[in-house]
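# Reading the structure
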Amino acid sequence: MSMAVKPAMVGALACQRNSFLFGGFKTLVVSCEPKKDKKGKTEGYEIELQDTILFPEGGGQPSDSGFLKIIEEDGDSSVIRKILVSHVSRSGLHAKHHVSAHIEPGTTIEVNVDEEKRIDYMQQHTGQHLLSAILECDYKVNTVSWSMGGIITGKKSVLKPSDYFNYIELNRKLTEEEITNISDDIDQLIVNSPQEITVIERINEDEADGVDTSKIPDDYDLSKGILRTIHIGNIDSNPCCGTHLKSTSQIGSILILSSQSTVKGTNSRLYFMCGKRVSDYAKSANKILLNSKNLLSCSETQIPEKVSRQTKLIQQSSKREQYWIKKVARTASEKLKKKLEASGKKRAYFMEEEFGTLELLLQVYKEVSIFLKESFEVYEIILCGYERQSSSGSLLILSDTAEKISTLATELGSILQNLKGGGGKKGGKWQGKISFISNAESAALTGYLSHDFASC
Ligand SMILES: [Zn+2]
């Protein structure tokens with residue numbers, strides 16, 4: 001359904017004429033159409049307003065969100081309804097507000113913007129204009145494309161601190177010195193000599209002469225629409241439909257990373273963020289630093305050295321552990337061999353109850369395999385290890401036949417409720433994991449093994 005009021009076109013929306021209108025904007029609902037999903041089921045509505053202060057996506061700037069307020073008279077009292085606008089899309093020159101409820105065309109409503117989010121977007125967007133302008137004018141480096149970070153999407157609902165970086169893709173990598181100078185230049189334009197930011201509207205295409213319109217989307221009909229150019233003092237002028245700050249001072253601050261990533265051969269992605277994001281990022285980075293300082297018991301400047309020292313220590317400990325595992329495994333296998341030779345049933349077991357890792361058992365298996373094939377035609381060996389801290393463990397069954405392995409696996413499975421494993425279908429090795437072992441099970445297992453198997 002629609003009514004005879006003509007809506008404002010994208011290009012001349014209230015949000016584009018004045019980017020600092022954040023609430024209380026009264027206007028009329030012009031149309032309200034159901035939005036269908038792929039199966040034809042209605043999933044919300046698309047509303048077009050006579051005019052709007054909610055910016056639809058465009059120019060690399062994401063859509064605003066906000067809410068519509070309706071005042072419904074009910075006798076002497078009035079009820080206020082708030083309807084959330086999750087997204088505003090652009091369809092040609094029309095701004096479509098995505099809402100979950102139907103609103104009758106002709107209804108007067110009040111539009112409100114998520115102000116904090118919009119200001120953040122304007123700081124990133126305007127900061128990008130300024131950064132690209134300085135790179136082009138002073139360093140002859142072209143911006144190929146740009147992407148704004150810090151946007152929550154269906155695919156990414158939780159953001160990490162590093163997700164808040166925007167990037168511009170440049171036609172070459174910058175040096176560390178260039179980045180320092182560019183940061184200083186921008187700081188100068190934020191603090192010492194702020195530049196006024198203005199937008200010039202051109203009503204039809206003829207007036208667009210001399211303006212580079214190559215980046216304007218194809219479905220943005222210039223003959224009907226309005227061409228907007230944004231001017232930052234005398235530094236820059238560019239066609240752009242987005243919402244911008246009024247002065248470079250409002251960018252607040254900029255953080256540009258010296259580490260860049262190389263894309264498409266020689267192009268480079270330069271990461272940056274502006275405004276309040278910089279202090280938010282500093283706070284989250286500080287939290288990580290503080291945790292690291294506490295964990296390592298050192299000052300922040302000592303963290304890299306301390307981590308490097310810890311890494312070396314871990315490598316040394318790991319080497320030492322490998323050495324001892326091999327030594328224990330060799331001793332265990334020698335004992336197992338002797339027990340098997342002495343055992344009439346050719347049954348023996350090995351048990352480690354403190355640090356009985358799978359790695360240790362496999363090392364014992366490796367040592368045992370060397371003599372098993374040469375010296376024993378029949379044998380049944382159980383290798384069992386617990387890790388006391390996690391009450392879990394591993395278990396290997398070694399035998400010359402699949403039948404014996406299967407019988408032992410069943411018997412051990414009746415003792416250990418959480419034993420799961422497989423293998424040894426042609427004899428050889430059956431490998432299992434005990435996800436949890438209780439004290440009673442541990443005692444029952446020791447009882448079973450010491451009764452039927454020679455201990456080592
Ligand atoms: Zn812009």
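Residues numbered from 1 in each chain as written. Predicted model: local features only at pLDDT ≥ 70, side-chain atom pairs only at ≥ 80, totals over all residues. Heavy atoms only, no water.

- The protein chain is annotated in an unreviewed UniProt entry as Alanyl-transfer RNA synthetases family profile domain-containing protein from Saccharomyces mikatae IFO 1815.
- The record held by UniProt for the protein chain lists under Cofactor (unreviewed entry) the comment "Zn(2+)".
- Per UniProt, the comment on the protein chain under Sequence similarities (unreviewed entry) is "Belongs to the class-II aminoacyl-tRNA synthetase family. Alax-L subfamily." (UniProt positions renumbered as here; feature names shortened; annotations may be inferred.)

### Regarding the overall build of the protein chain
- Along its length, the protein chain carries 8 helices and 21 strands.
- Scaling as 2.2 N^0.38, a compact globule of 456 residues should have a C-alpha radius of gyration of about 23 Å, whereas the protein chain reaches 35 Å, well beyond that.
- Principal-axis analysis of the C-alpha atoms places the extent of the protein chain at approximately 105 × 65 × 40 Å.
- When the 456 residues of the protein chain are sorted by exposure, 42% land in the buried category.
- Once local pairs closer than 6 in sequence are excluded, the contacts in the protein chain between residues at least 24 apart make up 67%.
- Counting every atom, the protein chain has about 24,800 Å² of accessible surface; 51% of that belongs to carbon and sulfur.
- Looking at the protein chain, you have 57 positive and 59 negative side-chain charges, and the mean spots of the two groups are 10 Å apart. (Helix = DSSP H or I, 4+ residues; strand = E, 2+ residues; numbered from the N terminus. Rg over C-alpha atoms; globule rule 2.2 N^0.38 Å. Buried < 20%, exposed > 50% of the residue type's maximum accessible area, 1.4 Å probe, protein only. Contact = heavy atoms within 4.5 Å. Areas by Shrake-Rupley, 256 points an atom, 1.4 Å probe, with all protein chains shown as cover. Lys, Arg positive; Asp, Glu negative; His and termini not counted. Charge placed at Lys NZ, Arg CZ, Asp CG, Glu CD.)

### Some details on the nonpolar core
- In terms of nonpolar packing, the biggest core is built from 54 residues, with L131, L135, I182 and L270 touching the most fellow members.
- Considering each element in turn, this core owes the most residues, 7 residues, to helix α2 (residues 115–139).
- Looking at this core, you find at least three residues from each of domain 1 (14–114) and domain 2 (118–288).
- Those residues within four positions of L131 in sequence are excluded, and the remaining contacts are I168, I182, I186, I256, L270 and F272.
- Core analysis: the second largest hydrophobic core is formed by 21 residues, M351, C384, L408 and A409 among them. (Core = buried A, V, L, I, M, F, W, Y, C linked by side-chain atoms within 4.5 Å. Domains from an automatic or database assignment.)

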